[in-house]
Structures are given as C-alpha cells and as structure tokens.
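# Analysis of the macromolecular model
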Amino acid sequence: MLTDPIADMLTRIRNAHLALHKEVNVPRSKMKEALAAILKQEGYVEDVAVADSNITITLKYLKGKAVISGLKRISTPGRRVYVGAHKIPRVQNGLGICILSTSSGVLDGMTAHDKKVGGELLCEIW
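Rules and cut-offs
Residues numbered from 1 in each chain as written. Predicted model: local features only at pLDDT ≥ 70, side-chain atom pairs only at ≥ 80, totals over all residues. Heavy atoms only, no water. Helix = DSSP H or I, 4+ residues; strand = E, 2+ residues; numbered from the N terminus. Contact = heavy atoms within 4.5 Å. Areas by Shrake-Rupley, 256 points an atom, 1.4 Å probe, with all protein chains shown as cover. Lys, Arg positive; Asp, Glu negative; His and termini not counted. Charge placed at Lys NZ, Arg CZ, Asp CG, Glu CD. Core = buried A, V, L, I, M, F, W, Y, C linked by side-chain atoms within 4.5 Å. Buried < 20%, exposed > 50% of the residue type's maximum accessible area, 1.4 Å probe, protein only. Salt bridge = Lys/Arg side-chain N within 4 Å of Asp/Glu carboxyl O.

### Thoughts on the overall build of the protein
Helix and strand counts for the protein come out as three helices and 10 strands. The order of helices and strands in the protein, counted from the N terminus, is α-β-α-β-β-β-β-β-β-β-β-α-β. Seen through its principal axes, the protein has C-alpha atoms that stretch 40 × 35 × 25 Å. Put simply, 62% of the contacts in the protein that link residues at least 6 apart link residues at least 24 apart. On the protein, roughly 7300 Å² of surface is accessible, and the fraction owed to carbon and sulfur atoms is 51%. Of the charged side chains in the protein, 18 are positive and 12 negative, and the gap between their average positions amounts to 5 Å.

Right, here's the structure in full:
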C-alpha cells in the first residue's frame, strides 16, 4: 500500500525519463487519470491510455532529450498546501505549470486562475 500515490506517479515518470523509456505504467485512479490528462493537454507527454487497472503514459522526447525537465510534489499527506485563486504560483516564470485539486476538479494553474478558484497545490512540472 502506498502512502502517497501521486508522488509515486511523479517518481515513475521521472525515473522513466532518466532511463529514456518510451512509456511508463502507473496504477489507475481518478486523480492520476486527471493528472495524466493535464500532462497530455499541456504537451508534456505524447499519449495517455487508460486500461482496467493501469494508466500507460507515452513519454515525449525532443532531439533525444526529455520534454519534462523537472517534477516536484508540493502538497504531501503530512503537509497539505492550499492556495487562493490570486496566490497561484508561476512555475519557472511561466515556463512550467502547477496542478491544483479544486472544487471544479483537477486543473492546471492558468485555468484555475481564469476560473478564479483556489485549492490544494498538488505539484509543479517544468
């Protein structure tokens, strides 16, 4: 049993990128599906395929280098971090994204700012 499944997903993606793997499998949950969908929508991964118990994420590379250069978990089970709509941070001066869990669902920082909703700051990706 995992204590922090989102951190496990981010670590699997980070390790797969370092090993130059084409794809990575993570156990399925609704939160991880939403995170993977945002990664695909923002262009950080090539494709996301959902099966019965797994999510297969096809990683994206440009000229042999990973598109994702960094992943950071912000809110952990032992230390939750909440932000208001006007306190959503900019990641790498706008070159990255942050992902929030809001009352409107799991959203990236720009969408949450446009909708004027805050929530739990899950992770940053650049």
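### With respect to the nonpolar core
Counting 23 residues, the largest nonpolar core has I13, I57, I99 and I125 as its most contacted members. Sorting the residues of this core by element identifies helix 1 (5-18), strand 1 (23-27), helix 2 (30-41), strand 3 (54-59), strand 8 (97-102) and strand 10 (119-125) as the ones contributing at least two each. Top element by residues in this core is helix 1. It accounts for five residues. Counting residues in each nonpolar core, the second largest holds 11 residues, with I74, V81, L100 and V117 among its members.

### Points about the pattern of salt bridges
Inspection of the entire model under this criterion finds five salt bridges. Note that R73 and D4 form a salt bridge whose closest N and O atoms lie 3.0 Å from each other. Here D4 lies in the segment before helix 1 and R73 lies in strand 6 (residues 71-73), a separation of 69 residues in the sequence. Owing to a relative accessible area of 16%, R73 belongs among the buried residues under this scheme.

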